[in-house]
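Report on the structure
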Amino acid sequence: MERQDCAGSSSQGPPQGRGGTQPRGIKQLPRFDAGVMETYLDDMRDMKAKVYQMFREHPELLPNVEEGLSKEEHRELVRRSLKVILQAGYSPLDFLARDPRKYFYLGECLSMVDLSLMVKSGVQYSLWGGSVLNLGSEAHRRRYYDDIAQLRLPGCFAMTELKHGSNVAALQTEAVLDVLSDEWVVHTPDEGAIKWWIGNAAEDGRAATVFARLKVPDPNGGPKLVDHGVHAFVVPIRDANGSTLPGVEIRDCGYKVGLNGIDNGAIRFTHVRVPRGNLLDRFASVDKSGRYSSPLTSQARRFAATLGELTGGRVGLVAGSVGVLKGAVTIAVRYACLRQQFGPPDCPEVAIIDYQSTQLRLMPILATAYGLHFARGLLTDKYVDMKRTREPRLVEEVHALSAGLKAYTTSYTQAALSTCREACGGHGYAAVNRLGALRSDHDIFQTFEGDNTVLLQQVSAMLLKEYRQQFSGAPLTATYHYLRAALLGALPNNPLVTHDTEPRHLRDPAFLAKALEYRTARMLFTLSLRLRKAGPRLGAFHAWNKCLTHVLDLANAYVESVVYKTFLRAVEGCVDPECRRALKAMSDLFALRLIEGDMMFRNDEYIAPSKAKAISRLVVSLCSELRGVALPLVDAFAIPDHILRAPIGLGGSGGTGPQPDIYKEYLHAAGFEV
Ligand SMILES: Cc1cc2nc3c(=O)[nH]c(=O)nc-3n(C[C@H](O)[C@H](O)[C@H](O)COP(=O)(O)OP(=O)(O)OC[C@H]3O[C@@H](n4cnc5c(N)ncnc54)[C@H](O)[C@@H]3O)c2cc1C
């Protein structure tokens, strides 16, 4: 008779090395070399190694959350770090202008160093620098480029106002042309129009790209000014000594929930004069006589083109958020492999990662971190192509993808930070282990550069636009019948398929990809119908609002489908068989969790109840398989201990090395002599 032992069964041996033992009797994924996986994930790791080495040489630049830095101290640290990065030969603005892949990669690296540093760098180079580069003319670029790149001209991106954030078209700050002096007069008409939350404004900024309503005298001689809508202007706000310029009043927004290394400020302008040439005039210009001209025919198109140029900021946030997700799951997985609680009688306690509930918490996060890593790569590549070709279709695609991925990734990471904290129990709550600080710092990623709820609506609006264009001119009933037939065709109405519970079928990429596509197509179809039905009765605005949760679900479904397809391509592209099997298991888990969590598949009889149960069982078993390779999977993210800085998440000398004594580190961090 087989002997039952402490590992729970009698089958093959558990994996060795770090991570304790894994209960026997479950399928194992083959071990793989974390270095090989890292090489597959990351073709710029030399740069990462150098950037992280820089912070090894300057440990004083890494904020220590336990020291309780004041905002002034933290801001100073960030300022010094920005200079050190430049002195080391990394020019983020050059990267942004010439090789954006490097720019976004640097952002991801910095995210686990200090999110304040990553965001402050984004404000200076991507928001302030990027707005001048992308919205200005060659003359603006020549005038400002070097000073922005070399930090001689710290600047701001001043869009949001006290009373208007998401609704940018309703901003009230105005820039009125004074034809006689050939100047813009920039003015805050009331308190509601004070620029608010402006990064780099409270202490450092010397100039700002200010978004204001462009107003010129009526060319027909009428008494009223003509309002051409929101445009961008360069407005100096401080002199070389750091004193605010006449007419500029700046206040500090004070302590925030996180990101206190950034000096967010509020700015009020009182009839501040700047030369006419300070209009960033890529999409519209105004001549000396006050005549306004633009190659784009409508205010809406100009506005869309202006905002469209700002997608780079969102790509940067996706990169930073993916960096945080990798860091958080690294801490949680490593700790869960070492932390032990309970166990069978007369046996050692088991590692908490061997609890099914921990696996179900952490393995989907690990799988999603990989999926979003690849999706981030897709977005970056498309962004680079868009900048190179300026092809209108690509511009629209990148706009939708950057909006959707920014919203999806940052919301996902924020929720995952809480899950990781909970998975680490009480020690996850210690500030020194960083999950709390990351959660506070990252939270606002969901709001700035476009609130997630608002961005998701833009994604769905674009999907609907595309869908309508496809069927434009066709009578409604014909469109309806066509799509209904197409959707029914996509249904696996063969009962053998809807009831197929074989893992081979459930893990077949064709089944998974089609299921996620079906979900998106169905949501698009039904949303379109609902809007058409409600529109005439309620008007477009209220009809949209009535369908808002549907709108948001559609956008998320679309993003998830894109992430899965990208993940799948990454699995197919991996030549190392062991790594490929781990990637395949994670991509399966990613898609199956989505199908498991969406009642629509059941309601539509896309999957029979028996198949739904089989999917749930498979999810549990995949989580358990992945637990066996969870350590090399997080090691492949290659975040060194001096950057991760969480005593409970230390990786020691790598996947096969000795177990790091996390408690010793932790005791030491708390001040005990050990
Ligand atoms: C730390 C920090 C740094 C920032 N840095 C800058 C900066 O450098 N420059 C700059 O210009 N701005 C900056 N901002 C401002 C930021 O971009 C805005 O806060 C953001 O755009 C959201 O606008 P809001 O705060 O007005 O929120 P609101 O638009 O008022 O949103 C409030 C709530 O209403 C919901 N809501 C709004 N509209 C809709 C809708 N149509 N449908 C459904 N729900 C809706 C939102 O989802 C949200 O939950 C910063 C903000 C912070 C906190």
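Residues numbered from 1 in each chain as written. Predicted model: local features only at pLDDT ≥ 70, side-chain atom pairs only at ≥ 80, totals over all residues. Heavy atoms only, no water.

**Some details on the overall build of the protein chain**
Looking only at helices and strands, one finds 25 helices and 13 strands in the protein chain. Computed over C-alpha atoms, the radius of gyration of the protein chain comes to 27 Å, within 12% of the 26 Å expected from 2.2 N^0.38 for 674 residues, which places it in the range of a compact globule. Counting only C-alpha atoms, the protein chain reaches 100 × 75 × 40 Å along its principal axes. Counting every position in the protein chain, which comprises 674 residues, the buried fraction comes to 55%. Taking the intrachain contacts of the protein chain between residues at least 6 apart in sequence as the baseline, contacts between residues at least 24 apart amount to 74%. Counting only carbon and sulfur atoms, one obtains 53% of the accessible surface of the protein chain, whose full area is about 29,100 Å². Looking at charge distribution, the protein chain has the averaged site of its 80 positive side-chain charges lying 5 Å from that of its 73 negative ones. (Helix = DSSP H or I, 4+ residues; strand = E, 2+ residues; numbered from the N terminus. Rg over C-alpha atoms; globule rule 2.2 N^0.38 Å. Buried < 20%, exposed > 50% of the residue type's maximum accessible area, 1.4 Å probe, protein only. Contact = heavy atoms within 4.5 Å. Areas by Shrake-Rupley, 256 points an atom, 1.4 Å probe, with all protein chains shown as cover. Lys, Arg positive; Asp, Glu negative; His and termini not counted. Charge placed at Lys NZ, Arg CZ, Asp CG, Glu CD.)

**Some thoughts on the UniProt feature "domain: Acyl-CoA oxidase/dehydrogenase middle" (unreviewed entry) in the protein chain**
UniProt records the feature "domain: Acyl-CoA oxidase/dehydrogenase middle" (unreviewed entry) at residues 156–272, using the numbering of this structure. Regarding residues 156–272, the helix share stands at 0% and the strand share at 44%, and the terminal C-alpha atoms are separated by 16 Å. (UniProt positions renumbered as here; feature names shortened; annotations may be inferred.)

**So, the packing of aromatic side chains**
On inspection of all chains with the given rule, the structure shows 14 aromatic pairs. Seen in terms of ring centroids, Tyr 40 and Phe 374 are 6.4 Å apart; in terms of plane orientation they differ by 55°. Their pairing is tilted. One end of the pair, Tyr 40, is in helix H1 (residues 34–41); the other, Phe 374, is in helix H10 (residues 356–389), and 334 residues separate them in sequence. Assessed through its relative accessible area of 12%, Phe 374 is described here as buried. (Phe/Tyr/Trp six-rings, centres within 6.5 Å; stacked < 30°, edge-to-face > 60°.)

**Some points on H10**
Look at H10: 49 Å from first C-alpha to last across 34 residues, which is about the 50 Å you get at 1.5 Å a residue. One or two residues past the end of H10 sits Arg 390, with phi positive at roughly 55°. (Expected span 1.5 Å × (residues − 1).)

**Notes on the state of the cysteines**
Think of a disulfide as a covalent bridge from one cysteine sulfur atom to another cysteine sulfur atom. Within the structure shown, the criterion is met by 0 disulfides. As a non-bridged cysteine, Cys 337 has Cys 424 as the owner of its nearest cysteine sulfur, 11 Å distant. (Disulfide = S-S within 2.5 Å.)

**Some words on the domain arrangement of the protein chain**
A common way to express how large an interface is: the accessible area buried when the components associate. Partitioning the protein chain into domains gives domain 1 (34–135), domain 2 (155–299) and domain 3 (307–641). Placing a centre on the C-alpha atoms of domain 1 and another on those of domain 3 gives a separation of 27 Å. Contacts between the two partners involve 26 residues from domain 1, matched on the other side by 47 residues from domain 3. When domain 1 packs against domain 3, close to 3,100 Å² is buried across both sides, 72% of that on carbon and sulfur atoms. When residues of domain 1 are sorted by the area they lose upon contact with domain 3, Leu 41, Phe 104 and Met 112 head the list and together hold 23% of the total. Applying the counting rule to domain 1 against domain 3 returns 3 salt bridges. Seen at the junction of domain 1 and domain 3, the total is 9 residue pairs in polar contact (both at pLDDT 80 or more). Listing elements by their share of the side of domain 1 that touches domain 3, those giving two or more residues are H1, helix H2 (45–57), helix H5 (100–111) and helix H6 (115–135). (Domains from an automatic or database assignment. Buried area = accessible area lost by both parts, 1.4 Å probe. Salt bridge = Lys/Arg side-chain N within 4 Å of Asp/Glu carboxyl O. Polar contact = N/O pair within 3.5 Å; in protein donor to acceptor, adjacent residues only side chain to side chain.)

**So, the packing of H5 against H6**
Running from N to C, H5 and H6 point in directions that differ by 155°, and their axes come no closer than 7 Å. In terms of orientation, H5 lies roughly antiparallel with respect to H6. Across the interface between the two elements, Tyr 103, Gly 107, Leu 110 and Ser 111 from H5 touch Leu 115, Leu 117, Met 118, Ser 121, Gly 122, Tyr 125 and Ser 126 from H6. Tallied by class, the residues present in the contact of H5 with H6 amount to 6 nonpolar, 5 polar and no charged. (Axes fitted to C-alpha atoms, helices over the stretch in contact; angles between N-to-C directions. Parallel < 35°, antiparallel > 145°, perpendicular 65-115°, else oblique. Nonpolar A, V, L, I, M, F, W, Y, C, P; charged D, E, K, R; others polar.)

**Here we look at the sheet that holds strand E4 (residues 195–198)**
The strand order across the open sheet formed by 3 strands is E4-E8-E7, and the pairing between neighbours is antiparallel. Both edges of this open sheet fall to E4 and strand E7 (248–252), since each of them pairs with a single strand only. On average, each strand axis in the sheet is tilted by 25° relative to the strand beside it, whichever way the strands run. As judged from the 5 bridges shared by E7 and strand E8 (residues 265–269), these two strands associate in the antiparallel manner. Bridge pairing in E8 places Glu 249 opposite Arg 268. (Pairing = 2+ DSSP bridges.)

**Structural notes on the pattern of salt bridges**
Evaluation of the coordinates by the stated rule reveals 45 salt bridges. Note that Asp 182 is salt-bridged to Lys 288, the shortest N-O span being 3.8 Å. Taken as a pair, Asp 182 in the loop between strand E2 (174–178) and strand E3 (183–187) and Lys 288 in the loop between strand E10 (285–286) and strand E11 (292–293) lie far apart in primary sequence, 106 residues in all. By sharing partners, the salt bridges in this structure join Arg 75, Glu 76, Arg 79, Lys 120, Glu 203, Asp 204, Asp 252 and Asp 263 into a single network.

**Here's the deal with the site of the ligand**
Among the 19 residues in the neighbourhood of the ligand, the closest are listed as Phe 157, Met 159, Thr 160, Ser 166 and Asp 451. One of the backbone N or O atoms of Gly 165 is found 3.2 Å from an oxygen atom in the ligand. Within the contact set of the ligand, an oxygen atom lies 3.0 Å away from a backbone nitrogen or oxygen of Gly 199. For the ligand, the protein covers 65% of the area, taking 970 Å² as the surface of the free molecule. Those elements that place two or more of their residues in the shell around the ligand are E4 and helix H13 (452–470). Ranked by residues supplied to the shell around the ligand, first place goes to H13 with 3 residues. (Near = heavy atom within 4 Å.)

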